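Fold and contact review
If you want the building blocks of each chain, they are given just below.
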Amino acid sequence: MRYAVTNKRLIFVTDLGKLLTKTVELSSFSEITLSENKNGEGTITFGALPFGLMRATMPYKQTFGRSMRGATSPTFGRIPDVASTYALIKRAQAEAIQTTALPQQ
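In this report, we go over the structure that sits alongside the text. Nothing here was measured: the structure is a model prediction, and the numbers come from that model. Each residue is numbered by its place in its chain's sequence as written, counting from 1. Reporting of local features is limited, given that this is a predicted model, to residues whose pLDDT is at least 70; pairs of side-chain atoms are given and counted only at 80 or more, and all residues count toward the totals for whole chains, interfaces and linings. Excluding hydrogens and water, the side-chain figures rest on all heavy atoms present in the structure.

**Quick word on the sheet that holds strand β1 (residues 2-5)**
Note the cut-off: At least two bridges found by DSSP between two strands are what make those strands a pair. Runs of H or I in DSSP of at least four residues are treated as helices and runs of E of at least two as strands, each being numbered from the N terminus. Only the contacting stretch of a helix is used when fitting its axis, a line to C-alpha atoms as for every element, and angles between N-to-C directions run 0 to 180 degrees.
Pairing in this open sheet of 3 strands is antiparallel, and the strands run β1-β2-β3 from one edge to the other. Two strands bound the open sheet, and with one partner strand each, they are β1 and β3 (19-25). Neighbour-to-neighbour, the strand axes of this sheet turn through a mean angle of 15°, independent of strand direction. Here 4 bridges tie β1 to strand β2 (residues 9-15), and the two strands are oriented antiparallel to one another. Bridging across to β2, A4 finds its partner in I11.

Rendered as structure tokens:
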């Protein structure tokens with residue numbers, strides 16, 4: 001699985017014989033959790049989404065290369081220097097939430 005972060009979305013790309021791309025808005029997550037190993041590698045788990053969105057769109061949770069059928073929280077797994085990636089995601093999320101909250105003109 002490959003991952004990307006934009007200023008508004010998380011992108012998950014899976015190659016299971018064909019490329020499958022899923023995107024989720026950063027402002028959708030109420031919780032983002034960091035799990036870091038001593039070597040700096042780790043996992044970022046994205047909390048619950050409203051209306052069970054992730055169960056419908058991502059039936060497998062990728063955690064350190066293993067799939068866990070039925071898991072509902074998407075993850076970025078086996079990320080080198082995970083703390084930097086986590087900080088980048090939190091900044092992007094704060095920006096996305098702020099942009100979403102601004103009144104339309």
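**Focus: the environment of L19**
Put simply, the test is: For the exposure calls, accessible area comes from a 1.4 Å probe over protein chains only, and a residue counts as buried if that area is under 20% of its type's maximum, exposed if over 50%, partly exposed in between. Any two residues having at least one pair of non-hydrogen atoms within 4.5 Å are treated as being in contact.
The topology assignment puts L19 in strand β3. By relative accessible area, which is 56% here, L19 ends up exposed. Each residue touching L19, except ones within four places of it in the same chain, is listed here: R2, V13 and T14.

**Here's the deal with the packing of aromatic side chains**
Put simply, the test is: In summary, the pairing rule links any two rings of Phe, Tyr or Trp, Trp by its six-membered ring, whose centres are within 6.5 Å, and it sorts them by plane angle into stacked for under 30 degrees, edge-to-face for over 60 and tilted for everything else.
Summed over all chains, the structure comprises 6 aromatic pairs. When the ring of F12 is compared with that of F76, the centres are 5.3 Å apart and the planes differ by 70°; the resulting orientation is edge-to-face. Of the two residues, F12 is situated in strand β2 and F76 in strand β8 (residues 75-79); the sequence distance between them amounts to 64 residues. Taking relative accessible area as the criterion, F76 reaches 2% and is therefore assigned buried.

**Description of the pairing of β8**
Burial analysis of β8 places 4 of its 5 residues in the buried class, the great majority of the element. Two strands pair when backbone bridges link them, and strand β5 (residues 42-46) and β8 are joined in this way by 3 bridges, in the antiparallel orientation. Its bridge partner being in β8, T45 is matched across the sheet by T75.

**Quick word on the nonpolar core**
Applicable threshold: Within this scheme, the nonpolar core is defined by two criteria: the residues are buried Ala, Val, Leu, Ile, Met, Phe, Trp, Tyr or Cys, and they are joined through side-chain atoms within 4.5 Å.
In this structure, L10, I44, F46, F76 and I89 are the most contacted members of the largest nonpolar core, which totals 14 residues. The set of elements that each furnish at least two residues to this core consists of β2, β5, β8 and α2 (82-101). Apart from residues lying up to four places away in sequence, I44 is in contact with I32, T33, L34, P74, T75, F76, V82, T85, Y86 and I89.

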